[in-house]
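Chain residues, written in single-letter form:
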Amino acid sequence: MGNRVGREDYEWVYTDQPHADRRKEILAKHPEIKSLMGPDRRLKWIVCTMVVIQFLAFYLVKDLDWKWVLFWTYAFGSCINHSMTLAIHEISHNTAFGNNKALWNRYFAMFANLPIGLPYSASFKRYHLDHHRYLGGDGIDVDIPTEFEGWFFCTRFRKFIWIILQPLFYAIRPLCINPKPFSQLELTNVAVQLTFNFLLYWMWGAKPVVYMLAGSMLGMGLHPISGHFIAEHYMFLKGHETYSYYGCLNLLTFNVGYHNEHHDFPSIPGRRLPLVKEMAPEYYDELPQYTSWVRVLYDFIMDDTLSPYSRVKRNCLMAN
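Just so it is clear, the model here is predicted, and its values are computed rather than measured.

Here's the deal with helix H8 (residues 166-177)
Then step 1. In this model, H8 (12 residues) spans 16 Å end to end at C-alpha, consistent with the 16 Å of a helix rising 1.5 Å per residue.
Then step 2. Every buried residue of H8 is listed here: Gln-166, Pro-167, Phe-169, Arg-173 and Pro-174. All buried residues of H8 project into a common sector of 165° when viewed along the axis, lining one side. Opposite the buried face of H8, by more than 90 degrees, sit the exposed residues Ala-171, Leu-175 and Cys-176.
Then step 3. Elements that come into contact with the buried residues of H8 comprise helix H5 (121-133), helix H6 (147-152), helix H7 (156-164), helix H10 (206-219) and helix H11 (227-233).

Dropping the structure here:
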């Protein structure tokens, strides 16, 4: 558990990200893929149902013993709340109401944010667009771990702790890598969320609040679904910076596992991403892929060649 990881720096490349060129090539060969673009009319109803389910859970846990509150927090609440974060990811691409109603998407994301407890939907939108446009960009893409993370979390035990603390690092990383002034939407997001949290505590006490907040933290930490954080872009094979996952947990995560397909076509809703692979199998079948996020977490911890430094990084000014 004390073996040190061999990497001491990121994998620096001096080329542009691969997804823009592949998108052009695929569309030239398969123009029918354009028909998949546009909003997913079902998304808003699925999100509303999930929010209602969590509201019902808040009511049900308020009278439980604490041991059962904690049990259902990890067994159920963490799954729903992580799924809600990926619903917000979907909405950030305007797939709920379309590009013509961008502000509707922003406020709907704040609604989806309510059962998570942590106000982040507006900030996520701003930084996630940078992640797509400047994948691996030094000082831009806040999905890349900081130098401290790469240096310190360099043993199996420390990588295990790092995975548990992933929500913390995702929260503070933007402040370290690419700080931006607060926008009006972000202030609104914070005000709405804190008001909701206070009302939840006032009506039903501390147990629903603990269920909500702990569920979010646990669901994004050491949890099977959180394997997607590692699976998407950590360089398990040299020369590959994005990986897809084709396992059953896509059913709970709006097909975020179809990550090569998503980065190639971010305007296509998650529900239709499997159709991208079906229409253009020659571009995806031979790419490295996963079938288990749990195995990804295990391999990341146990493989001494992997660490938070195992990311492709580029100077975007040079690449462009």
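Focus on the UniProt feature "transmembrane region" (unreviewed entry) in the chain
Then step 1. Under the UniProt annotation, "transmembrane region" (unreviewed entry) lies at residues 43-61 and 107-124.
Then step 2. The span residues 43-61 is 100% helical and 0% strand by assignment, and the distance between its end C-alpha atoms comes to 27 Å.
Then step 3. As annotated, residues 107-124 comprises 61% helix and 0% strand, and the C-alpha atoms at either end are separated by 13 Å.

A closer look at unusual backbone geometry
Excluding glycine, most residues fall at negative phi; most peptide bonds, likewise, are trans.
Then step 1. Even without a glycine there, the phi angle at Phe-254 is positive, about 55°.
Then step 2. Summarising the element assignment, Phe-254 is placed in the loop between strand S2 (244-245) and helix H12 (259-264).
Then step 3. The class for Phe-254 is buried, based on a relative accessible area of 15%.
Then step 4. Of note in the backbone geometry, Asn-255 takes a positive phi value of approximately 60° without being a glycine.
Then step 5. You can see Asn-255 is positioned in the loop between S2 and H12.

Section: the state of the cysteines
Then step 1. Considering all chains together, one arrives at 0 disulfides under this definition.
Then step 2. A disulfide-free cysteine, Cys-79 has its sulfur positioned 12 Å from the sulfur of Cys-248, the nearest such atom.
Then step 3. Given a relative accessible area of 60%, Cys-248 falls into the exposed group.

Some words on the nonpolar core
Then step 1. Val-47, Met-84, Ile-91, Trp-162, Ile-230, Trp-293 and Phe-300 are the most contacted members of the largest nonpolar core, which has 39 residues in total.
Then step 2. Looking at this core, the elements with two or more residues in it are helix H2 (43-61), helix H3 (66-92), helix H4 (102-113), H7, H11 and helix H15 (293-302).
Then step 3. If sequence neighbours within four positions are ignored, Phe-300 has contacts with Lys-159, Trp-162, Ile-163, Ile-230, Tyr-234, Phe-236, Leu-306, Ser-307 and Pro-308.
Then step 4. Counting 12 residues, the second-largest nonpolar core is a separate cluster that includes Ile-33, Leu-36, Ile-268 and Val-276.

Comments concerning empty space enclosed by the protein
Then step 1. Considering all chains together, one arrives at 1 cavity of 30 Å³ or more under this definition.
Then step 2. Taken as a whole, the largest cavity holds about 30 Å³ of empty space.
Then step 3. In this structure, the largest cavity is lined by Leu-86, His-89, Glu-90, Thr-253, Phe-254, Asn-255, Val-256, His-262, Gly-270 and Leu-273.
Then step 4. Per-element accounting of the lining of the largest cavity gives the leading share, 3 residues, to H3.
Then step 5. Of the residues assigned to the lining of the largest cavity, the class counts are 4 nonpolar, 5 polar and 1 charged.

Brief notes about the packing of H4 against helix H9 (residues 184-204)
Then step 1. Axis separation between H4 and H9 bottoms out at 10 Å; the angle between their running directions is 30°. By the angle between their axes, H4 is roughly parallel relative to H9. The handedness of the crossing between H4 and H9 comes out as right-handed. The residues of H9 that touch H4, namely those facing Leu-103, Arg-106, Tyr-107, Met-110 and Asn-113, are Leu-185, Thr-188, Asn-189 and Gln-193.
Then step 2. Split into classes, the residues belonging to the contact of H4 with H9 amount to 4 nonpolar, 4 polar and 1 charged.

What about the environment of Trp-204?
Then step 1. Mapped onto the secondary structure, Trp-204 falls in helix H9.
Then step 2. Residue Trp-204 is classed as partly exposed on the basis of its relative accessible area, which comes to 28%.
Then step 3. Separated by 82 residues in sequence, Trp-204 and Ala-122 have C-alpha atoms that sit 27 Å apart.
Then step 4. Apart from residues lying up to four places away in sequence, Trp-204 is in contact with Phe-55, Phe-58, Tyr-59 and Lys-62.

Remarks on the layout of surface pockets
Then step 1. Space inside the largest pocket adds up to approximately 1,000 Å³.
Then step 2. Lining the largest pocket are 37 residues, with Tyr-120, Phe-124, Tyr-170, Ala-171 and Pro-174 sitting closest to its centre.
Then step 3. Elements that contribute at least two residues to the lining of the largest pocket include exactly H3, H5, H8, H9 and H11.
Then step 4. A class-by-class count of the residues in the lining of the largest pocket yields 21 nonpolar, 10 polar and 6 charged.

Definitions and limits used
Residues numbered from 1 in each chain as written. Predicted model: local features only at pLDDT ≥ 70, side-chain atom pairs only at ≥ 80, totals over all residues. Heavy atoms only, no water. Helix = DSSP H or I, 4+ residues; strand = E, 2+ residues; numbered from the N terminus. Expected span 1.5 Å × (residues − 1). Buried < 20%, exposed > 50% of the residue type's maximum accessible area, 1.4 Å probe, protein only. Arc of directions from axis to C-beta. Contact = heavy atoms within 4.5 Å. UniProt positions renumbered as here; feature names shortened; annotations may be inferred. Disulfide = S-S within 2.5 Å. Core = buried A, V, L, I, M, F, W, Y, C linked by side-chain atoms within 4.5 Å. 1 Å grid on protein atoms, 1.4 Å probe; cavity = no way out; pocket = protein on both sides within 12 Å on 5 of 7 lines; lining within 4 Å. Points joined across faces, edges and corners; volume = space filled by probe spheres on them. Nonpolar A, V, L, I, M, F, W, Y, C, P; charged D, E, K, R; others polar. Axes fitted to C-alpha atoms, helices over the stretch in contact; angles between N-to-C directions. Parallel < 35°, antiparallel > 145°, perpendicular 65-115°, else oblique. Left-handed = near helix turned anticlockwise from the far one by under 90°.

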